[in-house]
Amino acid sequence: LWEQNKPFSIEEVEVAPPKAKEVRIKILATGICRTDDHVVEGMWPSKFPVIVGHEAVGIVESIGEGVTTVKPGDKVIPLFLPQCRECKYCRNPDGNLCIMTDLKADGVMSDGTSRFTCKGETIYHFMNIGTFTEYTVASEFAVAKIDDAAPSEKICLLGCAFSTGYGAAVKTGKVTPGSTCAVFGLGGVGLSVIMGCKLAGASRIIGIDLNKDKFEKAMAVGATECISPKDFTKPISEVLSEMTGDSVDYTFEVIGHLETMIDAIE
Ligand code: NAD
Ligand code: ZN
């Protein structure tokens, strides 16, 4: 992606060998997350040109000096939220926002340089990885080894959407059995929230989306009913109060808009 608000282009990219404590990965499958689109639209900071994509699975192709936890041939998921296991955030059992996460969008590896070049120009990494590419380089602490038999086109979703949504319901929200949940946004992450709520034993799971085409899949993964704000003139919080006779027990905002976050809190 050479510039903000421009279409992607397919390019021959040179991917440098991994340096110390890094691995080079052959990407087998990658998902598309709304966050990638946030970069295109400028809602998420990034340097350009950049290789986005952060929800993938691949095979370790080569390893740099000092890498001990994975070897060539291992199937791995690159992690945009790494786990250095040393910083205070990694050590905190309630957190996972490792200090090595590229929240400032530097777009480079730990040594301050990129492994991608194209037409002689430096191309930046997205969130220390970048997966819309046949090969990428990641730090050793930013890869998770997985079962070789895991199906690539499904397991890549563990790199972002599934873990984010499912974890929000099961680990962060700690949804309780018999509860009522409202899920705003039925994309990849929202559907994963629904799966988490269902597994946690929620008895009512209300899916909310402007796009009714999303309802069928939401119902298939565990929503008990779905509504569109377009069908109501009153605020969605009032609609939910009426539907439940009081209020829902848990709400999840899985769209990424301030207005819908306010709706979910209300
Ligand atoms: P998506 O685009 O696939 O899904 C969003 C859904 O929201 C769509 O179905 C859309 O129709 C619906 N929607 C949009 N505006 C709406 C409105 N006003 N009212 C009701 N529905 C509306 O997105 P996704 O990939 O599932 O990601 C969802 C959000 O989560 C994004 O903002 C993304 O950046 C964020 N995200 C965060 C993390 C994280 O924090 N770790 C991880 C992944 C995604
Ligand atoms: Zn994502």
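What you see is a predicted model; the values in this text were computed from it and never measured.

(A) Examining the overall build of the protein more closely. Looking only at helices and strands, the protein features 8 helices and 13 strands. In terms of C-alpha radius of gyration, the protein reaches 20 Å, essentially the compact-globule figure of 18 Å for 266 residues. For the protein, the spread of C-alpha atoms along the three principal axes comes to 60 × 35 × 35 Å. Every one of the 266 residues in the protein was classed for burial, and the buried ones make up 45%. A separation threshold of at least 6 residues defines the contact pool for the protein, and within that pool the share at least 24 residues apart is 67%. Of the roughly 14000 Å² that the protein leaves accessible, carbon and sulfur atoms contribute 54%. Here the protein contributes 26 positively and 36 negatively charged side chains, and the mean placements of these two sets differ by 4 Å.

(B) Seen up close, the UniProt feature "domain: Alcohol dehydrogenase-like N-terminal" (unreviewed entry) in the protein. In the numbering used here, UniProt assigns the "domain: Alcohol dehydrogenase-like N-terminal" (unreviewed entry) feature to residues 20–147. Across residues 20–147, helical content stands at 9% and strand content at 30%; the span's end C-alpha atoms are separated by 25 Å.

How each quantity is defined
- Residues numbered from 1 in each chain as written.
- Chains lettered and ligands numbered in written order.
- Predicted model: local features only at pLDDT ≥ 70, side-chain atom pairs only at ≥ 80, totals over all residues.
- Heavy atoms only, no water.
- Helix = DSSP H or I, 4+ residues; strand = E, 2+ residues; numbered from the N terminus.
- Rg over C-alpha atoms; globule rule 2.2 N^0.38 Å.
- Buried < 20%, exposed > 50% of the residue type's maximum accessible area, 1.4 Å probe, protein only.
- Contact = heavy atoms within 4.5 Å.
- Areas by Shrake-Rupley, 256 points an atom, 1.4 Å probe, with all protein chains shown as cover.
- Lys, Arg positive; Asp, Glu negative; His and termini not counted.
- Charge placed at Lys NZ, Arg CZ, Asp CG, Glu CD.
- UniProt positions renumbered as here; feature names shortened; annotations may be inferred.

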